[in-house]
Amino acid sequence: MAKEIIIREARRDDLKALIAMFADDDIGGHGDTQSEDALPDYERAFETIAASPDQTLFVAELAGEVVGTFQTAVTTTLTGRGTSFMIIEAVQTRSDMRGQGIGARMIEFCIEQARARGLPRVQLISNAKRKDAHRFYERLGFEPSHLGFKMALK
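Residues numbered from 1 in each chain as written. Predicted model: local features only at pLDDT ≥ 70, side-chain atom pairs only at ≥ 80, totals over all residues. Heavy atoms only, no water.

(A) Up close: the nonpolar core. Ile-7, Ala-60, Phe-70 and Ile-102 are the most contacted members of the largest nonpolar core, which has 24 residues in total. The biggest single contributor to this core is helix H4 (residues 102–116), with seven residues. Counting residues in each nonpolar core, the second largest holds 13 residues, with Leu-15, Ala-38, Tyr-42 and Leu-57 among its members. (Core = buried A, V, L, I, M, F, W, Y, C linked by side-chain atoms within 4.5 Å. Buried < 20%, exposed > 50% of the residue type's maximum accessible area, 1.4 Å probe, protein only. Helix = DSSP H or I, 4+ residues; strand = E, 2+ residues; numbered from the N terminus.)

Given below as structure tokens:
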């Protein structure tokens, strides 16, 4: 890619671009929408993430435009003698920008950040329907290792 991909922390004024990316996702099924009525929900989530010392929301920027996003969280468990590790979440590249190295750069950034913090691993989950994403993550060196479960609560 000729232009440099810049990874930076997301700002409140990035929200509309981020919401548009998530609303454009036809596989995720998260109910994301660009409706103005939903904006307060996204603003609350942004503030919660921004206030957390263990979570960070990032954007990938190319030529001044937001073209991707991801979130990281560092968690510590008692297993593995108190291991801390990074979880990569909500990885999204703008649909018209896929295949240009943006996703790879975002994941490389996460790995660099985890190494700089001395964390022993990064992990992520991916929707079972996202076969292209699974191949992408495997090309980057991730190995499928666990089976995830979820339960919707009403």
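(B) Examining the sheet that holds strand E3 (residues 65–76) more closely. Taken in spatial order, the five strands of this open sheet run E1-E2-E3-E4-E5, and their pairing is mixed. The open sheet has two edge strands, strand E1 (5–9) and strand E5 (122–124), and neither has a second partner. Strand-to-strand, the axes of this sheet are offset by a mean angle of 30°, without reference to chain direction. With five bridges joining them, E1 and strand E2 (residues 55–62) adopt antiparallel strand pairing. By the bridge assignment, Arg-8 is partnered in E2 with Val-59. Each of E1, E2, E3, strand E4 (84–93) and E5 is contacted by H4, which is oriented at about 165° to E4, the strand it contacts most. (Pairing = 2+ DSSP bridges. Axes fitted to C-alpha atoms, helices over the stretch in contact; angles between N-to-C directions. Contact = heavy atoms within 4.5 Å.)

(C) Broad picture of the packing of aromatic side chains. Scanning the entire structure with this criterion turns up five aromatic pairs. Ring centres of Phe-136 and Tyr-137 lie 5.2 Å apart, and the angle between their planes is 55°; this geometry places the pair in the tilted category. By relative accessible area, Phe-136 is classed as buried at 19%. By relative accessible area, Tyr-137 is classed as buried at 11%. Feature note: the residues Phe-58, Phe-70 and Phe-109 constitute an aromatic cluster, connected by ring pairs. Across from the ring centre of Phe-85, 4.0 Å away, lies the NZ or CZ of Arg-121, which sits over that ring. (Phe/Tyr/Trp six-rings, centres within 6.5 Å; stacked < 30°, edge-to-face > 60°. Lys NZ or Arg CZ within 6 Å of the ring centre and 35° of its normal.)

(D) Here's a closer look at the pairing of E4. Where E3 lies against E4, eight bridges are found, and the strand directions are antiparallel. Looking at E4, one finds that Gly-68 is bridged to Thr-93. Of the strand pairs in this sheet, E4 and E5 are connected by three bridges, and their pairing is parallel. Bridge pairing in E5 places Ile-87 opposite Gln-123. Read as a crossover between parallel neighbours, the route from E4 over H4 to E5 is right-handed. (Right-handed = clockwise from strand over helix to strand, strands pointing away.)

(E) View of the pattern of salt bridges. All told, the structure shown has twelve salt bridges when counted by the stated rule. With its nearest N and O atoms 2.7 Å apart, the salt bridge here joins Arg-94 to Asp-96. Residue classification places Asp-96 among the partly exposed positions, given a relative accessible area of 49%. Two residues, Asp-132 and Arg-135, come together in a salt bridge whose shortest N-O distance is 2.2 Å. Here Asp-132 and its partner Arg-135 are both found in helix H5 (residues 131–139), three residues apart, which amounts to about one turn of the helix. Overall, Asp-132 belongs to the exposed group, its relative accessible area being 57%. (Salt bridge = Lys/Arg side-chain N within 4 Å of Asp/Glu carboxyl O.)

(F) Geometry of the side chain of Ser-52. Structurally, Ser-52 is set in the loop between helix H2 (39–51) and E2. At 3.3 Å, the side chain of Ser-52 forms a polar contact with the backbone nitrogen of Gln-55. (Polar contact = N/O pair within 3.5 Å; in protein donor to acceptor, adjacent residues only side chain to side chain.)

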